[in-house]
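In case you want the letters, here they are:
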Amino acid sequence: MPIGAHTDHFDLDIALRDASCDLNVLPPRRAIAALCIGVGVDDAYFSVRELREAVSLVHENAPGGRAKLAAILSTSCDDFQRAIYYSLAGRGVVEMAEAMDWLLGMLKARGRTAAWLSRSRVRRKDLVSPYVAEGPDGPLVSPNPDFELGQSWFVERGPEPY
C-alpha cells in the first residue's frame, strides 16, 4: 500500500492534542501543549526555545537575563510566548524549565515530522492559527529589566505528586 494511503492529510498537531488531553501528563504541561496547537512549526519551537533560554538566564542571574525576559514578555509581536510563560509562572523556576524542556522535545519532533512529510511530498492538514488578531490583545508587560522576582523563583519543591 502506498505511503500516502495512511498519511494523507497528516495532522502535525496530533501529539500536542494527545498530550493536552492525557490525564497522565501534569496539568501545566497539558496547558502548554494545548497552547501550541495550530501555531506554526518553526514559530512554536523557536519561540519556546527563546523563552526557555531567557528563563535560564534569569535563574542563573546572568547579565542581561532579566532584560531578555522583560523584552520577550513586553513584545508587541503576539501573545504566544506570554501565554506559555504565564501558564507556568508561579510554579517554581525548575518546574517551569522542565515543562518547557518537555515541550521543546515535542515541538522538535513535530518539526522533524513536518520536514520528513515535506521531503516525502506527503500532504498534511493545514495548521489553523489559534489567534484571531495580528497583534497582542490586552496590556503588555513593562519592558523594565529591574523587575522583582517572586518567591516561586527561589522555593525548593518536593517530589512530584504523580
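Now for a description of the structure that goes with this document. In this text the structure is predicted, and so the values were computed from the model without any measurement. (Residues numbered from 1 in each chain as written. Predicted model: local features only at pLDDT ≥ 70, side-chain atom pairs only at ≥ 80, totals over all residues. Heavy atoms only, no water.)

**Concerning unusual backbone geometry**
Reasoning step 1: The residue N61 is not glycine, and still its phi comes out positive at about 55 degrees.
Reasoning step 2: Locating N61 in the fold gives a position in the loop between α4 (41–59) and α5 (65–74).
Reasoning step 3: The exposure class of N61 is exposed, given its relative accessible area of 62%.
Reasoning step 4: Phi is positive for R121, which is not a glycine, with a value near 55 degrees.
Reasoning step 5: Mapped onto the secondary structure, R121 falls in the segment after α7 (93–119). (Helix = DSSP H or I, 4+ residues; strand = E, 2+ residues; numbered from the N terminus. Buried < 20%, exposed > 50% of the residue type's maximum accessible area, 1.4 Å probe, protein only.)

**A short note on the side chain of S74**
Reasoning step 1: By the element assignment, S74 lies in helix α5.
Reasoning step 2: On the accessibility criterion, S74 (14% relative accessible area) is buried.
Reasoning step 3: Sequence-distant contacts of S74, defined by excluding residues within four places in its chain, comprise R82, L140, V141, S142 and P143. (Contact = heavy atoms within 4.5 Å.)

**Some thoughts on the packing of helix α6 (residues 80–88) against α7**
Reasoning step 1: Packing of α6 against α7 leaves a shortest axis separation of 9 Å and a crossing angle of 135 degrees. The angle between α6 and α7 falls in the class oblique. As α6 runs across α7, the sense of the crossing is right-handed. Mapping the contact onto sequence places I84, Y85 and L88 in α6 and M96, A99, M100 and L103 in α7.
Reasoning step 2: Across the contact of α6 with α7, the residue classes tally to 7 nonpolar, no polar and no charged. (Axes fitted to C-alpha atoms, helices over the stretch in contact; angles between N-to-C directions. Parallel < 35°, antiparallel > 145°, perpendicular 65-115°, else oblique. Left-handed = near helix turned anticlockwise from the far one by under 90°. Nonpolar A, V, L, I, M, F, W, Y, C, P; charged D, E, K, R; others polar.)

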